[in-house]
Amino acid sequence: MKASAYDDAFFRVATKVQMIGVLVITLGLPQLFHSIDEGRHLDNGLHVAAQAIGGEAHLGPTGRC
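To keep things clear, this report deals only with the structure shown in the data block. All values reported here derive from a predicted model rather than from experimental measurement.

Definitions and limits used
Residues numbered from 1 in each chain as written. Predicted model: local features only at pLDDT ≥ 70, side-chain atom pairs only at ≥ 80, totals over all residues. Heavy atoms only, no water. Helix = DSSP H or I, 4+ residues; strand = E, 2+ residues; numbered from the N terminus. Buried < 20%, exposed > 50% of the residue type's maximum accessible area, 1.4 Å probe, protein only. Contact = heavy atoms within 4.5 Å. Areas by Shrake-Rupley, 256 points an atom, 1.4 Å probe, with all protein chains shown as cover. Phe/Tyr/Trp six-rings, centres within 6.5 Å; stacked < 30°, edge-to-face > 60°. Patch = residues over 30% accessible without salt bridge, like charges linked within 9 Å, V, L, I, M, F, W, Y side chains within 5 Å. Salt bridge = Lys/Arg side-chain N within 4 Å of Asp/Glu carboxyl O. Polar contact = N/O pair within 3.5 Å; in protein donor to acceptor, adjacent residues only side chain to side chain. Expected span 1.5 Å × (residues − 1). Bend = angle between axes of the 7 residues up to and from the residue.

Quick notes on the overall build of the protein
- Counting secondary structure elements, the protein contains 2 helices and 0 strands.
- Looking at the protein residue by residue over its 65 residues, the buried ones come to 17%.
- In the protein, 51% of the contacts between residues at least 6 apart in sequence involve partners at least 24 apart.
- Summing over all exposed atoms, the protein offers an accessible surface of approximately 5100 Å²; the carbon and sulfur share of this is 66%.

Points about the packing of aromatic side chains
- Counted according to the given criterion, the structure contains 1 aromatic pair.
- On the basis of an interplanar angle of 80 degrees and a centroid distance of 6.0 Å, the ring pair of phenylalanine 10 and phenylalanine 11 is categorised as edge-to-face.
- Exposure remark for phenylalanine 11: the relative accessible area of 12% places this residue in the buried category.

Remarks on the environment of phenylalanine 33
- By secondary structure assignment, the location of phenylalanine 33 is in helix α1 (residues 9-38).
- For phenylalanine 33 and aspartate 43, which are 10 residues apart along the polypeptide, the C-alpha to C-alpha distance reads 8.5 Å.

A look at a nonpolar patch on the surface
- On the surface, a cluster of nonpolar side chains totalling about 410 Å² of accessible area is made up of Ile25, Leu29, Phe33, Ile36 and Leu42.
- Mapping leucine 29 onto the fold places it in helix α1.

Looking at the side chain of serine 35
- For serine 35, the location among the structural elements is in helix α1.
- The class of serine 35 is buried, set by a relative accessible area of 0%.
- A polar atom in the side chain of serine 35 sits 3.2 Å from the backbone nitrogen of aspartate 43.
- Contact partners of serine 35, with chain neighbours within four places excluded, come to Arg40, His41, Leu42 and Asp43.

What about α1?
- For α1, built from 30 residues, the straight-helix expectation of 44 Å at 1.5 Å per residue is met to within 8% by its first-to-last C-alpha distance of 45 Å.
- At leucine 29, α1 shows its maximal bend, which comes to roughly 35 degrees, and the proline proline 30 appears one to four places after that position.
- Those residues of α1 that fall on the buried side of the exposure criterion are Phe11, Ala14, Gly21, Val24, Gly28, Leu32 and Ser35.
- Glycine 39 sits one or two positions beyond α1 and adopts a positive phi of about 75 degrees.

Next up, the structure:
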């Protein structure tokens, strides 16, 4: 039986970290749209944090190959 590169624990952890980044994006959606409705400064702090989380998880496997 041939093993896949995606059976590695490192890839599993990186995938879970990316999923956490997606959850952070969804948590930030209500405050983002509320700031748009109010006409205030665009509140996208959680989206920036989520991009940093997801991007970090993406760079690890890319550099490892």
